[in-house]
Amino acid sequence: MLSPVTAGLLALSVLIALVGVFRRRSIKHIRGPPTKSRLLGHDYDLNRQDEVGDLEFSWLREYGPTWRVRGALGADGLMTADPKALQHIYQKAGANYVKKPSQNHASWIVTGPGIAWSQGEAHTRHRRIMSPAFSAARLKSFLPLFQRIGSKLVEKWKTQLMTTTGPVELMVDAWLSRATLDIIGEAAFDYDYGALDQADQSVLAKEYHGIFKDMDYRLPKSTLLFRATWDYLPWPLLKLFRYIPANPFTRMRNLNSLFAAYGKQILREKRPEFDAEKSTNNKDIMSILIKANESSDAKTRLDDEELLAEMFTLTLAGHETTATTLTFLLYELARNPEYQARLRQEIRQVHARVTERGASEFTVEDLDSIPSLLNAIKETLRIHPIASLLPRVAVQDDVIPLAHPITTTTGEVISEIPISKGQVIVTSFAAYQRLTQVWGEDAHVWNPDRFTRIDVGKQTNVGVFANLMTFSAGPHSCIGWRFSVIEQQALVAELVSAFQFELPAGTDAKNTEVVRAPSGTSMVPIVRGKPELGAGLRLQISFAP
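The residue count restarts for each chain, going from 1 along the sequence in the order it is written. Given that this is a predicted model, residues contribute local features only at a pLDDT of at least 70 and side-chain atom pairs are listed and counted only at 80 or more, while totals for whole chains, interfaces and linings are drawn from all residues. Only hydrogens and water are removed before side-chain values are computed, so all heavy atoms of the structure are retained for them.

### So, the sheet that holds strand β5 (residues 389-394)
The rule for pairing is simple: two strands pair if DSSP sees at least two bridges between them. Secondary structure is summarised from DSSP: a helix means a run of H or I of at least four residues, a strand means a run of E of at least two, and numbering begins at the N terminus for each. Pairing in this open sheet of five strands is mixed, and the strands run β1-β2-β8-β5-β3 from one edge to the other. Sheet topology places β1 (66-70) and β3 (97-98) at the edges, where each strand pairs with a single neighbour. For this analysis, residues touch if any pair of their heavy atoms sits within 4.5 Å. All axes here are fitted lines through C-alpha atoms, helices being fitted over the stretch that makes contact, and every angle between N-to-C directions spans 0 to 180 degrees. This element, helix α4 (residues 83-92), spans β2 (76-80), β3, β5 and β8 (424-428) of the sheet and lies at about 120° to β8.

Structure below.
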C-alpha cells in the first residue's frame, strides 16, 4: 500500500507528466509492437521479461533494427539497434542527445553529483579531471595488483577444495564481487576493503552485492509509473524523493551512508596536510584527483561532495559490473568445455615463454598475445552486456540516419527518421550486439572465434572496445573500460590456469539454472524461478587438469 503522501505525490506527478506528453509530436508512422497498457506502455513488459533481450530480439525479427515503442504515460519512443543510428546518437551528434531526467535522477540517487550524473559542461569538467588517472601507462601499472588479488582468490578456492575429495560448488559471483571490490579499493583509493579476507563478514561487500537487482528488478506498476513522472518534474522536487521511506530508496540511503563513512575517512587520509609524503608518492586514482584540486582554476577542481560521488561511482561501477561480466564468462566456459581447455592451453603456453625469459608474471603485452582470452572477454561483453539499453532524449529537432532501412506503416521504405525536440530514443545495446548483419548468422551463440574472422574496421564505428556498446560510446563512454578489460584478462588467466569450471550437478548447457534478469537498464544473474535468493550464479570447480 502506498502512503497518503506518496499517493499524493504520484497523482500530482502523473498530472504534470500527462501535460508534457500530449505536447509532443508523434512518430506513429514507424511500426512497432502493440501495448497491453496505454498507461504503462512497454516499460512494464521490458521490466518483467524473463531474460534481457527476449522482447527486443522478437521485435528485431519482426520490424528490423528500428521500431516504435510506447513508454509509460502514453509517450511514443523510438527503439533502435541500428549501428548508424547509434553512431549518430552517441558520437556524431552526441551533444544533441542527453539522458532522460528520470535516468539522470536515478544516477544522482545512487552516486551523487559525480561523472555518472553530470551532463554538458559539468560532465566535460569531470571527465577532463579524471582522464589522466586512466591513461594507458597508469592502467598498466595496476596489473601487479590485479594479479595479486587474483592469486589470493585462487588460494581461497584451493583451500575449499583441499577440505573435500571432489569438486565444490561455489557462488562464483559473490567471490568475484569481493575480489573486484578489493581491487578497486586499492587501485582507486589505496585502501584495503578486506572483502576477500572477511568473506561473508564484509559489511560493505554484502551491501554492494546485488544492488542492481534490488534497485530495479521486477518493479511494481505503481513504482514504474511514479518513476516515469520524473521526466516532467522540477529538480528541487525530484531531490526530495531520495528520502522516501520505502525501498529501493531506503536501500540506497543505507548504502550511501555506509560508504560515506569509508569515503570521508579515505579523503581525510589523502589530504596533503594528513601525510604530505604519502600524498605525493601515491599513484592511486583518488590521489591524482586530489592533487588536481590544488589548481587555482575552478574548472580543474572537484569539491568534496563531487569527490565523494566519484568515489562512490568508481566503487560501484568499478567492481560489481566487472564481477558480473567475469561471472558470465566463467559460466560460458563451463558450458563450452572445449573452448575452456583451449584457453587454458594457450595461457600455459604463454606463461612458459614468460618463465623462459626469467619472469614470473604476465605483462599486459603477454595477456594481449593470448587470443582466446581476449576473444572470450569480447564475446561475453557482446552476448551478456551489463547495460542492455540506455534511453536518450533529443534536445533539438534532428534526422537520425539508418544503416538498415525499415518499412513504415504505409509501406514506405525509409533510411532516415526525422524527430522532434523532446523525442525519446531507447538504444538497445543487447539487440545491436545480436544483429546478424554485424556479427554473423550465429549472433545468438557464444562463439569467441567470431572475432578472428570479423573485420571490425569494416563495420560502422560505434563502441570504444571491439565495436561493442557494452561500455557505451562517445563522450559519455565508460571512462574505466580499459581498466576493466585488463583486470578481466588478469583474473581469468589466474583462475583458468588453476581450476576447471563446470555447470552444477543436474544441469547442462541446454538446461541451466541461470537467468539473465533485466533490472532497469542493467542485467543481473539470478537462479531461474528463485529471484528471492537474490543475484547469484553457482558453478562447480575442481583443480585444473
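Back to the text.
### As for the packing of helix α9 (residues 172-189) against helix α26 (residues 481-498)
Between α9 and α26, whose axes approach to 12 Å, the crossing angle comes to 130°. As the angle between them shows, α9 and α26 are arranged oblique. When you trace α9 past α26, the crossing you get is right-handed. Facing α9, whose interface residues are L176, T180, I183, I184 and A187, α26 presents F483, E487, L491 and L495. Throughout this description, any angle smaller than 35 degrees is read as roughly parallel, any larger than 145 degrees as roughly antiparallel, any in the 65 to 115 degree range as roughly perpendicular, and the remainder as oblique. Handedness of a crossing is defined here by the sense of rotation of the near helix relative to the far one, left-handed for an anticlockwise turn of less than a right angle and right-handed for a clockwise turn.

### Digging into the side chain of R251
As for its position among the elements, R251 is in helix α15 (residues 249-270). Note on exposure labels: buried denotes an accessible area under 20% of the residue type's maximum, exposed denotes more than 50%, and partly exposed covers the range between, all computed with a 1.4 Å probe on protein chains only. The class for R251 is buried, based on a relative accessible area of 13%.

### A look at the packing of aromatic side chains
Note on aromatic pairs: the rings of Phe, Tyr and Trp (six-membered ring only in Trp) are paired at centre separations within 6.5 Å, and the planes decide the class, stacked below 30 degrees, edge-to-face beyond 60, tilted for the rest. Overall, the coordinates contain 28 aromatic pairs when judged by the stated rule. Relative to F483, the ring of F146 lies with its centre 5.1 Å away and its plane at 80°, an arrangement referred to as edge-to-face. Highlighted residues: F146 in helix α8 (residues 143-162) and F483 in helix α26, separated in sequence by 337 residues. One exposure class covers both F146 and F483, and it is buried. On the numbers, 5.9 Å between centres and 85° between planes, the contact of F226 with W230 is edge-to-face. Using a relative accessible area of 6% as the deciding quantity, one classes F226 as buried. Each member of the aromatic cluster is reached from another via a ring pair, and the members are W157, F499, F501 and F543. Of note, R178 hangs over the ring of W175, and the distance from its end group to the ring centre comes to 4.8 Å. Think of it as a cone above the ring: NZ of Lys or CZ of Arg counts as a charge over the ring if it is within 6 Å of the ring centre and within 35 degrees of the ring normal. The residue whose ring lies beneath R242 is W108, and the NZ or CZ to ring-centre distance is 4.5 Å.

### Let's talk about the sheet that holds strand β12 (residues 538-543)
Within a sheet, each strand pairs with its neighbour through backbone hydrogen bonds, oriented either parallel or antiparallel. With antiparallel pairing, the three strands of this open sheet are ordered in space as β4-β12-β9. The sheet terminates laterally at β4 (168-171) and β9 (499-502), the two strands that pair on one side only. Each strand axis lies, on average, 40° off the axis of its neighbour in the sheet, ignoring direction. Summarising the sheet, β4 and β12 pair through four bridges and their orientation is antiparallel. For M171, the partnering residue across the bridge sits in β12 and is R538. Packing against the sheet, α26 makes contact with β9 and β12, and its axis sits at approximately 90° to β9.

### Let's talk about helix α6 (residues 120-130)
Within α6 the residues assigned to the buried category are H123, R125, H126, R127, I129 and M130. On the buried face of α6, the contacting elements are α17 (285-292) and α18 (304-317).

### Quick look at the side chain of H404
By the element assignment, H404 lies in strand β6 (residues 398-407). Look past the residues within four positions of H404 in its chain and what remains in contact with it is P65, D82, P83 and Q437.

### Digging into the nonpolar core
Counting 161 residues, the largest nonpolar core has W157 and F501 as its most contacted members. Excluding its chain neighbours within four sequence positions, the residues that come into contact with F501 are W157, L330, L333, A334, Q340, L495, V496, L539, Q540 and I541. We define a nonpolar core as any set of buried Ala, Val, Leu, Ile, Met, Phe, Trp, Tyr and Cys residues linked to one another through side-chain atoms lying within 4.5 Å. In this structure, A72, L73, L225 and A228 belong to the second largest nonpolar core, which totals nine residues.

### Some thoughts on the packing of α9 against helix α19 (residues 320-335)
Helix-helix packing is characterised by the crossing angle of the two axes and by the distance between the axes. Contact geometry for α9 and α19: axes closest at 8 Å, N-to-C directions at 140°. In terms of orientation, α9 and α19 fall into the oblique class. α9 and α19 meet at a crossing whose hand is right-handed. Judged by residue contacts, V172, D173, L176, S177 and T180 of α9 engage E320, T322, A323, L326, T327 and L330 from α19. Note that Gly is not counted as nonpolar here; it falls among the polar residues with everything else outside the nonpolar set of Ala, Val, Leu, Ile, Met, Phe, Trp, Tyr, Cys and Pro and the charged set of Asp, Glu, Lys and Arg. By residue class, the composition of the contact of α9 with α19 is five nonpolar, four polar and two charged.

### A closer look at the environment of Y432
Within the secondary structure layout, Y432 lies in helix α23 (residues 429-432). Placed 37 residues apart in sequence, Y432 and M469 show a C-alpha to C-alpha distance of 8.0 Å. Excluding residues within four positions of it along the chain, Y432 makes contact with A81, P83, L86, V438, W439, V462, N467, L468 and M469. Think of a polar contact as two N or O atoms within 3.5 Å of one another; within protein, one of them needs to be a possible hydrogen donor and the other a possible acceptor, and neighboring residues in sequence only count if both atoms come from side chains. Within polar-contact distance, the side chain of Y432 engages the backbone oxygen of N467 at 2.8 Å.

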